[in-house]
Amino acid sequence: ELVTNNAAAALGVPLAISMAKEMGMKSPKPLVMVVLLAASTSYASPIGYATNLMVKGPGGYSFLDFLRIGLIMDLIWLLGVSLLLPFIWPME
């Protein structure tokens, strides 16, 4: 979570498309969606999202506050995406 979501997606999407081609998948959409959903997950750090930084100062939050709650939210997001993604975008 040290780069913005746009940068993470810009770096990850071409890799996902290349991996899908190498794996012989019909569509790269499942892997691209994994990258895009992962890039949108920035709860454990105020650095990754501008809105996190805007809330940090006026709200009086510390980096540790983001880490403490954000790691739990990241784990919930990881489990949810891991369980639901194969049903929504099956890997074919």
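Heads up: the structure comes first, above all this text.
All values derive from a computational prediction rather than experimental measurement. (Residues numbered from 1 in each chain as written. Predicted model: local features only at pLDDT ≥ 70, side-chain atom pairs only at ≥ 80, totals over all residues. Heavy atoms only, no water.)

1. Observations concerning the pattern of salt bridges
Counting across every chain of the model gives one salt bridge. Between aspartate 65 and arginine 68 there is a salt bridge, with its nearest N and O atoms 3.4 Å apart. On the criterion of helical spacing, the pair formed by aspartate 65 and arginine 68 is a turn pair, its members being three residues apart in helix H4 (residues 63–88). (Salt bridge = Lys/Arg side-chain N within 4 Å of Asp/Glu carboxyl O. Helix = DSSP H or I, 4+ residues; strand = E, 2+ residues; numbered from the N terminus.)

2. What to know about the environment of alanine 39
You can see alanine 39 is positioned in helix H2 (residues 29–39). Among the residues examined, alanine 39 registers a relative accessible area of 11% and is labelled buried. The spatial distance from the C-alpha of alanine 39 to the C-alpha of alanine 10 is 9.4 Å, given a sequence separation of 29 residues. When residues no more than four places from it in sequence are discounted, the contact partners of alanine 39 are Asn5, Ala8, Ala9 and Tyr49. (Buried < 20%, exposed > 50% of the residue type's maximum accessible area, 1.4 Å probe, protein only. Contact = heavy atoms within 4.5 Å.)

Note that all results are geometric; they support no functional claim without further evidence.
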